[in-house]
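Observations on the model geometry
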Amino acid sequence: MVLWSTLVLVKGLCNIFLFSNFSLILFQKLLKLKKLEIKQVFLALFCISFIFSLFLWIGFDSSTPKFQFVSEGWWLPYKNVNFVLGLDGISLFFILLTTLLFPLCCLWIWPFIGVNLKFYLYSFSVLESILILAFSSVDLIFFYVFFEIVLIPTFIIIGMLGSRDRKVRAGYLFFFYTLFGSLLMLLGICYIYNVVGSSIYEAIHGFTLSTYEQKWIWVSFFFSFSSKVPLIPLHIWLPEAHVEAPTTGSVLLAGLLLKLGSYGIARYCIGLFPDACLFFTPSVFTLGLLGVIYTSLTAIRQIDFKRLIAYTSIAHMNLVVLGLFTCNTLGIHSSLVQSLSHGFVSSALFLSIGTMYDRGQSRIIRNYSGLSHTMPIFVSVFLFFTLANLGLPGTSSFVGEFLLLTSIFLVSPYTCFFSSSCLILGGGYSLWLFNRVSYGNSKLIFFDVSKRELLCVLPLIFSTFVFGIQTKNFIRPYILHSL
């Protein structure tokens, strides 16, 4: 009965998000809702989706690697191409992360009453529904469809809702880098369908492709996912997109959009093409190691808050890729834990930057100093996530990074030695940033964080701390049985 009721909740969750925009337009015309009431409706919908995802977690059976809550909707007029949704231990936590961040973003823009409010809320609603469908799609063709449709609401958030003149350029950079990178994956999917005769994940997983076929298909998939992570040299779009996007856009980019890349690598590149992964591991290790060192060094010289955190995100996600391609259970498990942790920590750091920008209307680091005198609560929160970004023991980042480096050491001690430099360089740019912002003479007098701003980061503090202390109970059983 519990499983059946949870399945009903999955279907209801998808239906709510697929039709929420149309219903809100109808409500607005009939009831002439004010902007505040529209925000209340959207916030309620986002909170309902988070509650539904908690029910999924409660009803999930962690002892089996099979997809659960499988729901088949409508299908295309092609053989073995079905719109099938299902969850395993990997996709479950990415959906939990998705449904957690969207209500926080909605709450963050609560004071906003500009003319673009509808675009904000509608784009959020569409983006959340697409991400949920992408993470829960069992059919490879439909996963590609949702993987690509993500570009549309994200382009609107960056290119239309940004605050600076270069926002359109940043939106096009994001759009074209990820779009052209995904075209190769479409060719690989078409080849798989012609050979296997099905696009369902389990059918493809049970079919044996030759090593030669795996190599070519792997290249097409990896090129697409590496532009989302992103790996060098496909990282150019990310710092630009972060700088030009609004605060909530940066939160969604770092917290969720980058996770599509790590999720895709873990699910498809490693899950479907294991022989090709072993063959290309040295090349990926080289790219990932260059990305970790280069972006960490680049972050030190940044003068813009957002650009600095953007480069740190690239460094952490490149470390995640290194862990994934150790091709052992410990490495894949720790990489997924670090991906979730990065979603908590990086999102909170961008919200902290948004707090300072709302007061000082500047993202230049040298314009701020001495905030500990006037904003002690903010400085305390900023310190917690700065240390969490460094891998403070007791936080989820510590668990992820420690296990990541351990798994890399088991495969290549030299790679582990050089990739661990990100910890030292991370201490350099993170602590230097915190010192410049928090101490010294106060240049401007700001009021401390409001209740709304504190409420936005409290769930992230709780998640970072609890998942760091109880990783074994909260995450490990679900992911290990899905590998």
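Residues numbered from 1 in each chain as written. Predicted model: local features only at pLDDT ≥ 70, side-chain atom pairs only at ≥ 80, totals over all residues. Heavy atoms only, no water.

**Comments concerning the packing of aromatic side chains**
Counted by the stated rule, this structure contains 32 aromatic pairs. With a centroid separation of 5.3 Å and an interplanar angle of 20 degrees, the aromatic rings of Phe94 and Phe135 are classed as stacked. Here the residue Phe94 occupies a position in helix H3 (residues 89-108), and Phe135 occupies one in helix H4 (residues 117-136), the gap between them amounting to 41 residues. Overall, the relative accessible area of 2% leaves Phe94 in the buried class. Here Phe135 falls in the buried class, since its relative accessible area comes to 1%. (Phe/Tyr/Trp six-rings, centres within 6.5 Å; stacked < 30°, edge-to-face > 60°. Helix = DSSP H or I, 4+ residues; strand = E, 2+ residues; numbered from the N terminus. Buried < 20%, exposed > 50% of the residue type's maximum accessible area, 1.4 Å probe, protein only.)

**A few points about the environment of Phe155**
Looking at where Phe155 falls in the secondary structure, it is placed in helix H6 (residues 151-159). In the structure, Phe155 is positioned 90 residues away from Ala245 in sequence and 9.6 Å away in space, judged by C-alpha atoms. Among all residues touching Phe155, those that are not within four sequence positions of it are Met160, Gly171, Tyr172, Phe174 and Phe175. (Contact = heavy atoms within 4.5 Å.)

**Thoughts on the side chain of Ser296**
By the element assignment, Ser296 lies in helix H12 (residues 274-300). With near-sequence residues (within four places) excluded, Ser296 lies in contact with Gly291, Ala315, Cys422, Leu425 and Tyr429.

**Structural notes on helix H14 (residues 329-360)**
Relative to the 46 Å expected for 32 residues at 1.5 Å per residue, H14 spans 46 Å between its end C-alpha atoms, a close match to the ideal helical length. The element H14 is largely enclosed, with a buried count of 27 among its 32 residues. Remark: Gln361 follows H14 within two positions and exhibits a positive phi of approximately 55 degrees. (Expected span 1.5 Å × (residues − 1).)

**A word on the confidence of the model for the protein chain**
Across the protein chain, pLDDT averages 80, with 86% of residues at or above 70. Of all secondary-structure elements in the protein chain, the lowest mean pLDDT belongs to helix H1 (residues 2-31), at 45, while helix H16 (residues 376-390) reaches the highest, 89. (pLDDT = per-residue confidence, 0-100.)

**Concerning the packing of H3 against H4**
The N-to-C vectors of H3 and H4 enclose an angle of 175 degrees; their axes lie 9 Å apart at closest approach. In terms of axis orientation, H3 runs roughly antiparallel to H4. Residues Ser91, Phe94, Ile95, Thr98, Thr99, Phe102, Cys105 and Cys106 of H3 form the contact with H4, whose own contacting residues are Leu121, Phe124, Leu127, Glu128, Leu131, Ile132, Phe135 and Ser136. When the residues that make up the contact of H3 with H4 are grouped by side-chain class, the tally is 11 nonpolar, 4 polar and 1 charged. (Axes fitted to C-alpha atoms, helices over the stretch in contact; angles between N-to-C directions. Parallel < 35°, antiparallel > 145°, perpendicular 65-115°, else oblique. Nonpolar A, V, L, I, M, F, W, Y, C, P; charged D, E, K, R; others polar.)

**Digging into the side chain of Ser136**
Along the chain, Ser136 turns up in helix H4. What makes Ser136 buried here is its relative accessible area of 6%. One polar contact links the side chain of Ser136 to the main-chain carbonyl oxygen of Ile132, over a distance of 2.7 Å. (Polar contact = N/O pair within 3.5 Å; in protein donor to acceptor, adjacent residues only side chain to side chain.)

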